[in-house]
Amino acid sequence: MNLFEKTKALQRAGWLLALLAAWCPSGQAESRVPSAAGSGRVWPSAPAEPRITFVESIYTPGDLGLASSGWTGFGKWLTGQDKKSALMVKPQGIAVDESGNICVTDMGANCVCLFDTVHHKFHRWTSVGKLSFQSPVSVAKSGDLLYVADSALGSVIVFDISGKLQMTITNGLARPAGLAIAAGRMLVADSKEHRVSVFDLRGNLLFQFGHRGTEPGEFNFPTHLAVDSQGGILVTDSMNERIQMFDSQGKFLAAIGSAGDAAGHFTRPKGVAADSFGHIYVVDAMFDNMQVFDRAGQFLLDIGSSGSSPGDFWLPSGIAIGRDNRIYVADSYNRRIEVFKYIGPP
């Protein structure tokens with residue numbers, strides 16, 4: 001730090017200490033930044049029975065009560081070294097673990113974030129060991145391990161919450177995109193090879209399915225995937241503008257949607273997920289919305305529109321659904337996570 005920077009830091013320190021003395025006699029300040037909770041927005045709108053309600057927007061760890069506290073963050077602010085690292089730049093992939101903790105990949109900052117709501121901690125990694133993330137597109141978490149698909153590295157990187165690298169999985173992968181973990185297996189959508197690879201959690205390749213094409217069971221740049229409560233595999237077949245459904249062994253079952261601009265159709269499908277009732281949710285970055293289908297693939301309703309108000313989107317990407325049927329959407333260009341909840345009948 002040069003003399004000018006030191007002088008600037010001391011000036012900021014003096015100003016802030018005076019402010020704290022005047023307004024925070026207890027020595028503690030409120031860290032939580034109110035989110036856009038309680039908007040009362042529901043879908044469909046009245047007089048129809050509501051099925052989905054907006055819960056909140058998450059911009060920073062503080063919106064969940066996880067903002068950095070103590071003198072570490074304070075010191076970084078004083079010295080000008082705080083680059084607002086807790087703010088998301090371009091959230092892309094998202095996952096929710098069995099305890100409700102939220103994992104996010106940030107393509108704008110090439111980092112991985114963990115909002116640990118159980119231990120009230122926030123973690124952020126730009127690298128693990130000597131390996132730096134270059135294009136972290138998706139994430140999953142099982143126990144204390146995080147699995148990150150990095151498309152530029154052509155691998156899935158596995159590390160623990162202390163940031164210790166556990167393994168790097170490259171077997172049979174070219175450009176990993178979508179990632180999911182279920183029933184002791186890891187599933188990876190490979191957008192370059194136009195297929196899905198299935199591994200055990202030690203990184204051993206079990207089997208693969210799919211190849212490039214437009215027929216049922218074939219892919220044209222698969223980008224996202226999810227596993228439903230019955231073990232079925234849902235794959236976003238992006239350039240074929242559809243969602244394909246498979247059984248746990250990769251046998252084709254059905255397809256949802258097709259190219260078009262009407263309800264139930266897709267133009268730029270992204271994240272896919274399923275709730276505990278079997279409803280299937282698909283994010284569309286062109287429509288700036290989320291469409292909901294029943295288990296048979298019938299369109300039910302759409303949620304959101306272009307904008308930055310609570311419940312709206314700007315180029316949304318990933319989606320994840322927790323055990324409590326809370327729905328988390330990575331609203332990429334609004335730099336936030338939008339949270340909804342299913343409140344309708346089963």
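It should be emphasised that the depicted structure is a prediction, and the values quoted were computed from it without experimental measurement.

1. Observations concerning the environment of Gly307
Thought 1: Here Gly307 shows up in the loop between β24 (299–303) and β25 (316–321).
Thought 2: With residues near it in sequence (within four places) discarded, Gly307 still touches Asp312, Phe313, Trp314, Asn334 and Arg336.

2. Thoughts on the side chain of Ser197
Thought 1: Following the sequence through the fold, Ser197 ends up in strand β15 (residues 195–200).
Thought 2: Here Ser197 falls in the buried class, since its relative accessible area comes to 0%.
Thought 3: A distance of 3.0 Å separates a polar atom in the side chain of Ser197 from a polar atom in the side chain of Gln208.
Thought 4: Ser197 has contacts with Gly172, Leu173, Met186, Leu187, Val188, Leu205, Phe207 and Gln208, leaving out every residue within four places of it along the chain.

3. Describing the sheet that holds strand β18 (residues 233–237)
Thought 1: Taken in spatial order, the four strands make up an open sheet running β17-β18-β19-β20, and their pairing is antiparallel. The open sheet has two edge strands, β17 (222–227) and β20 (252–256), and neither has a second partner. Each neighbouring strand pair of the sheet contributes to a mean axis angle of 20°, computed without reference to strand direction.
Thought 2: Bridging between β17 and β18 involves five bridges; their strand directions are antiparallel. The partner of His224 across the bridge, within β18, is Thr236.

4. A look at the pattern of salt bridges
Thought 1: Tallying each qualifying case throughout the model produces seven salt bridges.
Thought 2: In this structure, Asp312 engages Arg41 in a salt bridge whose closest nitrogen and oxygen atoms are separated by 3.1 Å. With a gap of 271 residues between them, Asp312 in the loop between β24 and β25 and Arg41 in the loop between α1 (3–23) and β1 (42–43) connect regions that are remote in the sequence.
Thought 3: We classify Asp312 as buried; its relative accessible area is 7%.
Thought 4: Arg242 serves as the salt-bridge partner of Asp237, at 2.8 Å between the closest nitrogen and oxygen.
Thought 5: Three or more residues joined by partner-sharing salt bridges are found here, namely Asp331, Arg336 and Glu338.

5. Digging into the confidence of the model for the protein
Thought 1: When pLDDT is averaged across the protein, the result is 88; 83% of the residues are at 70 or more.
Thought 2: Every residue in residues 2–34 is under pLDDT 50, and counting partners more than four places away or in other chains gives 26 contacts.
Thought 3: Counting interchain partners and residues more than four positions distant, the pLDDT-below-50 stretch residues 69–84 has 17 contacts.

Basis of the calculations
Residues numbered from 1 in each chain as written. Predicted model: local features only at pLDDT ≥ 70, side-chain atom pairs only at ≥ 80, totals over all residues. Heavy atoms only, no water. Helix = DSSP H or I, 4+ residues; strand = E, 2+ residues; numbered from the N terminus. Contact = heavy atoms within 4.5 Å. Buried < 20%, exposed > 50% of the residue type's maximum accessible area, 1.4 Å probe, protein only. Polar contact = N/O pair within 3.5 Å; in protein donor to acceptor, adjacent residues only side chain to side chain. Pairing = 2+ DSSP bridges. Axes fitted to C-alpha atoms, helices over the stretch in contact; angles between N-to-C directions. Salt bridge = Lys/Arg side-chain N within 4 Å of Asp/Glu carboxyl O. pLDDT = per-residue confidence, 0-100.

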